[in-house]
Amino acid sequence: MARVAFPESFHWGAATAAYQVEGAWNRHGRGLSIWDRFSHTPGRIEDGSNGDVACDHYHRFAEDVALMAELGLTSYRFSISWPRVQPEGRGAVNASGIDFYGRLIDALLAAGIRPLPTLYHWDLPVALEERGGWPNRDLAGWFSDYAHVVAGALGDRVSDWLVFNEPFVFTALGYLTGMHAPGRSSFPDFLRATHTVNLAQAEAFRAIRDARSDARVASALSMSHIEAASESVADRDAAERYHRFSNLWFLEPALLGRYPDALLGDLPRGEMGIREGDLERCRADFDFIGINLYTRTRVVAVPGDPHLGALPASVGDAPDSSTGAADEGPRTDMGWEVWPASLEAMILRIHRDYGGPVMEITENGCAYDDGPDARGRIADQRRIDYHREYLAAVSRAMEAGADVRGYHAWSLMDNFEWAHGFTKRFGLVHVDFESGRRRIKDSGHWYAGVIRDGGFDR
Ligand code: GBH
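A brief structural summary. (Residues numbered from 1 in each chain as written. Predicted model: local features only at pLDDT ≥ 70, side-chain atom pairs only at ≥ 80, totals over all residues. Heavy atoms only, no water.)

1. Focus: the sheet that holds strand E9 (residues 296-301)
Backbone hydrogen bonds are what pair the strands of a sheet, in a parallel or an antiparallel way. Rules: Strand pairing is defined by DSSP finding a minimum of two bridges between the two strands. Put simply, DSSP H or I for four residues or longer makes a helix, DSSP E for two residues or longer makes a strand, and each gets a number counted from the N terminus. Every axis in this analysis is a line fitted to C-alpha atoms, fitted for helices over the stretch in contact. Angles between the N-to-C directions lie between 0 and 180 degrees. Pairs of residues are marked as contacts when any of their non-hydrogen atoms sit within 4.5 Å.
Taken together, the 3 strands give an open sheet; going across it, the order is E7-E9-E10, and neighbouring strands pair in mixed fashion. Of all the strands in the sheet, just strand E7 (225-228) and strand E10 (310-312) have a single pairing partner and so form its edges. Strand after strand, the sheet turns through a mean of 40° between neighbouring axes, direction not considered. Contacts from helix H10 (residues 233-248) reach E7, E9 and E10, with the element oriented near 125° to E9.

2. Here we look at the site of the ligand
The following threshold applies: Nearness is judged by heavy atoms alone; a residue qualifies as near a molecule or strand once a single heavy atom is within 4 Å of it. Whenever a nitrogen or oxygen atom comes within 3.5 Å of another N or O atom, the pair is scored as a polar contact, on the condition that within protein one atom can donate a hydrogen and the other can accept it, and that pairs from neighbouring residues in sequence are kept only if both atoms are in side chains. Working definition of accessibility: Shrake-Rupley area with a 1.4 Å probe, residue cover restricted to the visible protein chains.
Residues in close proximity to the ligand total 15 residues, the closest being Gln20, His121, Glu166, Glu417 and Trp418. Between the ligand and Glu166, the relevant distance is 2.8 Å, taken from an oxygen atom to a side-chain nitrogen or oxygen of the residue. Within the side chain of Glu417, one N or O atom sits 2.6 Å away from an oxygen atom of the ligand. When the free accessible area of the ligand is taken as 590 Å², the share hidden by the protein chains comes to 83%.

3. What to know about unusual backbone geometry
Put simply, the rule reads: Burial classes: relative accessible area under 20% of the type maximum marks a residue as buried, over 50% as exposed, and values in between as partly exposed (1.4 Å probe, protein chains only).
A cis amide bond, omega 5°, links Ala181 with the succeeding residue Pro182. The topology assignment puts Pro182 in the loop between helix H8 (167-175) and helix H9 (187-211). Residue Trp122 is not a glycine yet carries a positive backbone phi of 85°. Looking at the secondary structure, you find Trp122 in the loop between strand E4 (114-120) and helix H6 (126-129). Under the relative-accessibility criterion, Trp122 is labelled buried at 5%. Unusually for a residue other than glycine, Trp418 sits at a positive phi of about 50°. Structurally, Trp418 is set in the loop between strand E12 (403-410) and strand E13 (429-431).

4. Observations concerning helix H7 (residues 138-154)
Worth spelling out the cut-off: In this analysis, the expected span of each helix is defined as 1.5 Å times one less than the number of residues it contains.
For H7, which comprises 17 residues, the first-to-last C-alpha distance of 25 Å matches the rise-based estimate of 24 Å (1.5 Å per residue) to within 8%. Of all the positions in H7, only Leu139, Ala140, Trp142, Phe143, Ser144, Tyr146, Ala147, Val150, Ala151 and Leu154 are classed as buried. Elements that come into contact with the buried residues of H7 comprise helix H4 (82-85), helix H5 (95-110), E4, H6, strand E5 (160-165) and H9.

Read these as spatial facts, not as claims about activity.
Dropping the structure here:
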């Protein structure tokens, strides 16, 4: 047995997002988001559910902060609902929206927990989708106005900020595949959306710094270590393009003022709406990099595809589809492969390629549907195994020199899992969606022990 130990200052966290937990969709002046509209459109959500109530965190936040304190968390990553703060996405500010987040933050600080808010976790005000959504570059300016409002109101108590959650996921699933709100499918719209978001990301970075000059700012980027499905040159080239596109598209504009060389042809500047000076405007000298990582991705070359010529070898695999081969991990209820070495490799690649930046793991976790037994215990051993092995991978990367300052389990509690509704449970805390009752799972008790001891034996 060996000790896996983390530094005293390490941020031990859990994460949630506004639409997935808050509920209270029409309380105290909140405007509508594209997720309200999408989830109320028949056929969009697997179980026909929506986030109207979700975990009712809006009303139960004090109880939830008490749970976090019981777990011993030192960081809580949550998101701020743009339409709760600006019901129309621009102009008028809803004071009770700001007030809610102020009360949440005060409760966290009183419990000794660092608040780590994300400005945007996918809930765009409907009023802005009606003006074209993210493909409309005007959204960059409106988003930075919103960032300025929020940082101005909360920056006295919040030092660490995340701008976007997974820009690649919400632009691709929202505007290319249509699986997420607003459910559109157009490659040019998707590309334009990515450029607006890159502009918005840097403008918001400056807006936060303007409101609080010593703020520490990053984005939480979806990442997955990319492996070629075979040793062929075509697959290896495809894997490298896929890495640059899916992992770096929102990182290199910020850090280096350029789009990574990912697409087969030249960067379609016209189609993307890139103007003179834009790439300079996209620069943001982030204080750290947030990494959301769940699995690894094997990529194959796709001859004839004009854009990327590459695709994951296994999209949407069923939970039971593992072949049991030695070079394959088991799969969670999402069908995602459990492969802890992906996190180590990803951290080390970012460490090497970008000069040893500060990083935090802003999401990592797994869906398994374990529920309470007759005595109310939730014995989710697979989730313990998952977090233990991924944390060990983080520790190996740190031993190899990477500067990782925190880890956030996705999620604090079971919640509304987007297009899957309430059918997938990621929480360290079990939620009975009928009664709202919360119960700490075995994994939550295990995590509390890890935090208390600063690590674990393995
Ligand atoms: C996150 O997205 C979200 O930030 C969060 O809101 C959400 O609840 C949580 O994760 C769980 O879904 O190549 O098919 O094996 C995660 C987005 C994108 C995760 C792609 C894994 C590759 C899966 N992800 N991905 S696959």
